[in-house]
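For reference, the chains in residue letters:
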Amino acid sequence: MRNCRFMARLFFFSLVFFLNMAAVAADFPVRGSVKDENGPVAGVTVTEKGTSNATTTDNNGHYAITVKNANSVLVFTSVGYKTVEVAISGRSVVNTTIESTAQELSGVVVTALGITREKKSLGYSVEAEAGKEMNRVAQENVLNAMSGKVAGVTINQTGAAGSSVSMVIRGATSLSSDNQPLFVIDGVPIANTLNNISQVGNDNRVDYGNSIGGITPDDIESVSILKGPSAAALYGSRAGNGVVLITTKSGKGVNKTTVNFISNNVFEKPYKFLKWQTKYASGIFPAIPVSISGNLFTDPLGISDPRFNPDYVIIDESGGAGGPELDRGYNAIQWNSPLDENGKQIATPLVSHPNNVKNFVQTGITSTNGVSVANNTEKMNYRISLSDMRNRGIVPNADLFRNTLDINSSFKVTKNFRLSTNIDFSRNRSNNRPAGERGANPLQWAYAVSPNNDIRDLKNYWVPGQEGLAVVSTHPSADNPYFLAYEVNNSFVRDRVYGNLKADWQITRDLSLMLRYGLDNLNEKRETKMSNGYTEDPLGAYGIINLRNFESNADFLLTYKKNLNAFHVSVSAGGNARYLNGSSENIGTKNGTGLIVPGVFTIQNILPANLNYGNSRFEKGVNSLYGMATVGFKDMIYLDVSGRNDWSSTLPGAKPYFYPSASLSVLANEILGVTSENINLIKLRGGYAQAGNDASPYMLYSVLGNAGTWGSVPRLSTSGTLLNEN
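Residues numbered from 1 in each chain as written. Predicted model: local features only at pLDDT ≥ 70, side-chain atom pairs only at ≥ 80, totals over all residues. Heavy atoms only, no water.

K.L.:
Which parts of the structure should I look at to understand empty space enclosed by the protein?
P.N.:
To find leftover empty space, one rolls a probe the size of a water molecule over the atoms. Tallying each qualifying case throughout the model produces three cavities of 30 Å³ or more. As a volume, the largest cavity reaches approximately 80 Å³. Taken together, E140, N141, G162, S163, Y208, G209, N210, G213, L400, N428, F492 and R494 make up the full set of residues lining the largest cavity. Among the residues forming the lining of the largest cavity, the class breakdown is three nonpolar, seven polar and two charged. The space that makes up the second largest cavity amounts to roughly 40 Å³. Surrounding the second largest cavity, I185, I215, T216, D219, I220, T248, D406, D424 and Y498 form its lining. (1 Å grid on protein atoms, 1.4 Å probe; cavity = no way out; pocket = protein on both sides within 12 Å on 5 of 7 lines; lining within 4 Å. Points joined across faces, edges and corners; volume = space filled by probe spheres on them. Nonpolar A, V, L, I, M, F, W, Y, C, P; charged D, E, K, R; others polar.)

K.L.:
Which parts of the structure should I look at to understand the sheet that holds strand β7 (residues 84-87)?
P.N.:
The strand order β4-β3-β6-β7 describes an open sheet built from four strands, whose pairing is antiparallel. The two strands at the open ends of the sheet, each matched to only one other strand, are β4 (54-56) and β7. Strand-to-strand twist in this sheet, taken as the mean axis angle between neighbours without regard to direction, amounts to 20°. Across four bridges, strand β6 (residues 73-77) lies against β7 in antiparallel orientation. Across the sheet, V75 pairs through a bridge with E85, a residue of β7. (Pairing = 2+ DSSP bridges. Helix = DSSP H or I, 4+ residues; strand = E, 2+ residues; numbered from the N terminus. Axes fitted to C-alpha atoms, helices over the stretch in contact; angles between N-to-C directions.)

K.L.:
Which parts of the structure should I look at to understand the nonpolar core?
P.N.:
Grouped burial of nonpolar side chains is what soluble globular proteins tend to show. Of all hydrophobic cores here, the largest spans 31 residues; its most connected members are F360, I455 and F483. Among the secondary structure elements, those contributing two or more residues to this core are α5 (356-360), α6 (442-448), α7 (481-487) and β27 (488-506). At four residues, α7 tops the list of elements feeding residues into this core. Setting aside residues no more than four positions away along its own chain, I455 makes contact with N356, N359, F360, A446, V449, P481 and Y482. Grouped together as the second largest cluster of nonpolar side chains are 21 residues, V165, M167, I169 and I212 included. (Core = buried A, V, L, I, M, F, W, Y, C linked by side-chain atoms within 4.5 Å. Buried < 20%, exposed > 50% of the residue type's maximum accessible area, 1.4 Å probe, protein only. Contact = heavy atoms within 4.5 Å.)

K.L.:
Is there a simple way to explain the packing of aromatic side chains in this structure?
P.N.:
In this description, a pair of aromatic rings is defined by centroid distance and the angle of the planes. Under the defined criterion, the tally for this structure stands at eleven aromatic pairs. Seen from their ring centres, Y461 and F483 are 6.2 Å apart, and the 75° between their planes marks the pair as edge-to-face. Here F483 lies in helix α7 and Y461 lies in the loop between α6 and α7, a separation of 22 residues in the sequence. For F483, a relative accessible area of 0% corresponds to the buried category. (Phe/Tyr/Trp six-rings, centres within 6.5 Å; stacked < 30°, edge-to-face > 60°.)

K.L.:
Would you explain the pairing of β6 in this entry?
P.N.:
Walk down a regular strand and you will see the side chains alternate between the two sheet faces. Counting buried residues in β6 gives four out of five residues, a clear majority hidden from the surface. When strand β3 (residues 45-48) meets β6, the two strands line up antiparallel, connected through four bridges. Along β6, the bridge assignment pairs T45 with T77.

K.L.:
What's the story with the pattern of salt bridges in this structure? I'm lost.
P.N.:
Two side chains that carry opposite charge are able to pair once their charged atoms sit near each other. For the structure shown, the criterion picks out 21 salt bridges. With a shortest N-O distance of 2.8 Å, R516 and D555 are connected by a salt bridge. Here R516, found in strand β28 (residues 511-530), pairs with D555, found in strand β29 (residues 541-564); they are 39 residues apart in sequence, far enough to count as distant. Accessibility classification places R516 together with D555 in one group, the buried group. It is possible to trace a salt-bridge network through shared partners that takes in D218, D219, K249 and R383. (Salt bridge = Lys/Arg side-chain N within 4 Å of Asp/Glu carboxyl O.)

K.L.:
What is the right way to read the side chain of R383 from this model?
P.N.:
Along the chain, the position of R383 falls in strand β24 (residues 380-392). At 3.0 Å, the side chain of R383 and the side chain of D219 are in polar contact. (Polar contact = N/O pair within 3.5 Å; in protein donor to acceptor, adjacent residues only side chain to side chain.)

K.L.:
I'm lost on the environment of E619 in this one. Help?
P.N.:
Position of E619 among the secondary structure elements: in strand β31 (residues 611-633). The partly exposed category is assigned to E619, whose relative accessible area is 45%. Considering only alpha carbons, one finds E619 and Y579, 40 residues apart in sequence, at a separation of 7.8 Å. When residues no more than four places from it in sequence are discounted, the contact partners of E619 are Y579, L580, N581, P697 and Y698. Here the side chain of E619 touches Y579 through a polar contact of 2.6 Å, side chain to side chain.

K.L.:
Looking at this model, I keep getting lost on the pairing of β28. Mind explaining?
P.N.:
Two elements, β27 and β28, share 19 bridges in a ladder whose sense is antiparallel. Directly across from V488, in β28, lies its bridge partner M530. Where β27 folds back onto β28 in an antiparallel hairpin, the turn is made up of four residues. Of the strand pairs in this sheet, β28 and β29 are connected by 20 bridges, and their pairing is antiparallel. Its bridge partner lying in β29, M514 is registered against L557.

K.L.:
So what exactly am I meant to see when it comes to unusual backbone geometry here?
P.N.:
Comment: phi is negative for the bulk of residues other than glycine, and the bulk of peptide bonds are trans. Despite not being glycine, D186 has its phi angle at roughly 50°, a positive value. Mapped onto the fold, D186 is located in the loop between β14 (182-185) and β15 (188-190).

K.L.:
Mind showing me how you'd approach a nonpolar patch on the surface here?
P.N.:
Together, L564, F567, V631, L639, V641 and L664 give the surface a local cluster of nonpolar side chains, amounting to about 450 Å² of exposed area. Its location among the elements puts L564 in strand β29. (Patch = residues over 30% accessible without salt bridge, like charges linked within 9 Å, V, L, I, M, F, W, Y side chains within 5 Å. Areas by Shrake-Rupley, 256 points an atom, 1.4 Å probe, with all protein chains shown as cover.)

K.L.:
Explain the environment of N591 to me, please; I cannot follow it from the model alone.
P.N.:
Here N591 shows up in the loop between β30 (567-589) and β31. When the C-alpha positions of N591 and L611 are compared, they lie 9.5 Å apart, and in sequence the two are 20 residues distant. Once residues lying within four places of it in the same chain are set aside, the contact partners of N591 are Q199, G201, N202 and D537. Here N202 takes part through its side chain, which lies 3.3 Å from a polar atom of the side chain of N591.

Now the structure itself:
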């Protein structure tokens, strides 16, 4: 009897032990939620540590995942947040809170086609930057906010506020293009170029700024920069200089209606001026009067001695360094010398004015104000923002304005189907953009004012009694910098709308489908009004330029993800239909011809023979199919392969071209079991990629161009290059 009891107890304890072991060894389902200081956080990657088993939180911050056993550890990662590890310890519900960070993003980054990946798993270079970094100092162009923050990226502005900003990744690769990367905002490719200079009037070259400047930095959530060809291969040939992926803010990070206000001001003053001599006046011989030097050899010709040359005149045309020394008590007749009772100019002291350019420029001010409203519910989230930017340039009469409206929303139609959209409306405008280079550039002529002249004497730039007709200047061939600043007005208005409509369908646990349509539409009007008095266009000038550009992209992406024991496999296939068209029209005065009636700026005020006009248009389509596959092994080795095939309308018969890529990432610290506190990552990576390219529109056949007129006879011309469609 006693033996029976012992055997029964032994059987019972053995059964309990094996059931516990089975519970530990069997798959263990876990669910929970993730939040931060503002509430639930969507899009957080939840990974079973040591495996590729992962999922993401939904719009309410909820997740569900099945792990290997009840003692597994969950790793929570998200862009802009610190990584958190939580032991399950047998719990079926694991809730956690993650902490925001403004430091460099080292966990999850956004890669090609908007796919989020762990940075360490990538076999190519990707740099990520949090949106908070874009707003440490307010900038009128978002690219300036990235300057100095990303390794291997060079950012330069071509001029003052509002001018084009160049972004070159890993150095220039082409001598014939502007080497600018492709910008993709919320999945929508955005046109951007440095070719933003146009001209109406002789040497009145104006940089109107690149269109990427229409983005409000405060609307940016994160930025990912894809540097290598392997990283950018899925975007096609125009991504040959890299890709900048910009993700804008949404309402996912809040759990109630939230209103934010921003207001900031930035003051700009020139840090350094060009070194310019201010010791000598204009002239051709630096004579010293004998009455001062006591030496005949200081003025052997007597040109500065009032006894022999009472009408000694400073010759401003001769340059700024060949005349007598300033601030030595010398007198001479200057351009603005007063008249005596006989109408003759009186010699005045030769005094140095070393701060002419400093006295010409002004303190620039950039003021930005904005408001945003965001909310997140079980069914939908949204964020709506309005912003207003106003800039006063350092050159007098220069300004820039930007107004934007951004709408980002998402709606959960069913448990597995979601619709989302992002639309951005912007208007950039200016009453005057000063010319650059040489010619009508006010700064050029501010530096050209001789040091014996006070630039402030030129402020009242009209000759009294001849307002609108004649300009005050130090000599006939010199331009008045104040006149150029106030009477050569280059205005523009740029309206732009871009955005997308996207549908996400989680067909099964492992299979998902994304459908998206995006567009980018830009309309810009430039207008130049030049009054009489500019030396290279003395009778004035007027002109209008209209630019239009439209691009649409319709794409889909089918993705399959599966965990197969030690392997994590992700396979995607998709396609894109891209269509773009554009046109330009310009009409205005021919250089040097002028207006009929001074100061009347209309096309009707230009003689027909003096009209310069032209227009152009283009159209292009590209269809694409692409695919990619990622294989990860035990969180140690990751292999990525991709391929893309394009059919472009600009090639003969829309001939297809293909370009593949492959990259490998090996985490040596995981393989070698390195656990040192001083070493957190040892990574080996490499890649191979090929790039294809098509042609610009109408490069296969010779087309006729406007060569102007011969008298009253119109002329047409063809390209001087022999074109071969093969």
